[in-house]
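Observations on the three-dimensional arrangement
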Amino acid sequence: MFLKVQLNWNVVIPAENLDIKGLMLQKAILVRLLDDFSSKKATKDLGYLLCVTTLDKIGEGKVREHSGDVLFPVTFTCLSFKVFRGEVIEGVVHKILKHGVFLRCGPIENLYLSNQKMSDYQYQIAENPCFLNSKTGSRIEKDATLRCIVIGVKYMEAQKEFQAVVGLEGDYLGPV
């Protein structure tokens, strides 16, 4: 679910942001790194990039000939969030349809639980639609928390986000 990753990136500092004082340069590098990091959102290998935890190393800058900007190689540690097939997760229901429900888990907005993957539950048409288990009386309704298992994960390159299909087949899975 959560990964601690060390990354090597290049940070470009415009010439007008350069200063003789080293502390201001370090601040400019950190601010630029955080800007670049926040615009990245997610990658297929690492999942959603959540936060920079430590700035481990700032390498020697190289001046770009045409612009005068300086490129610094930077090593930092960050936290990321990625779901894996077979992992048990908890999500909150945000949309109920006749053929299944959509859940949210952390930064992942599109977890889909098909009615075929929750065989003990039947769709109930009411003012507030839900799935009801007639044996246990448990309900899957909007804003309910579900424990489920990840069946498949897909990375959408254009949107830079993940989609996953989940199921309730297994022990201790269902409404929490």
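Overall, antiparallel pairing links the three strands, which are arranged β9-β10-β11 in an open sheet. Edge strands, defined here as strands with exactly one partner in the open sheet, are β9 (121–124) and β11 (139–140). Here strand β10 (residues 130–133) runs beside β11; their pairing, made up of two bridges, is antiparallel. Within the sheet, the bridge partner assigned to F131 lies in β11 and is I140.

Evaluated as defined, the whole model comprises seven salt bridges. Among the ionic pairs, E109 bridges to R104, the shortest N-O distance being 2.6 Å. Residue classification places E109 among the partly exposed residues on the basis of a relative accessible area of 36%. Ionic pairing is found between D120 and K135, a salt bridge with its closest N-O pair at 3.8 Å. Of this pair, D120 sits in the loop between β8 (108–114) and β9 while K135 sits in the loop between β10 and β11, and the two are 15 residues apart along the sequence. By relative accessible area, which is 70% here, K135 ends up exposed.

As a further point, take the environment of Y123. Relative to the elements of secondary structure, Y123 occurs in strand β9. Y123 gets classed as partly exposed once you look at its relative accessible area, which sits at 26%. Sequence spacing of Y123 and L97 is 26 residues, and the spatial spacing of their C-alpha atoms is 8.6 Å. Residues in contact with Y123, not counting those within four places in the same chain, are I96, L97, K98, P129, C130 and F131.

Thresholds, definitions, all that
Residues numbered from 1 in each chain as written. Predicted model: local features only at pLDDT ≥ 70, side-chain atom pairs only at ≥ 80, totals over all residues. Heavy atoms only, no water. Pairing = 2+ DSSP bridges. Helix = DSSP H or I, 4+ residues; strand = E, 2+ residues; numbered from the N terminus. Salt bridge = Lys/Arg side-chain N within 4 Å of Asp/Glu carboxyl O. Buried < 20%, exposed > 50% of the residue type's maximum accessible area, 1.4 Å probe, protein only. Contact = heavy atoms within 4.5 Å.

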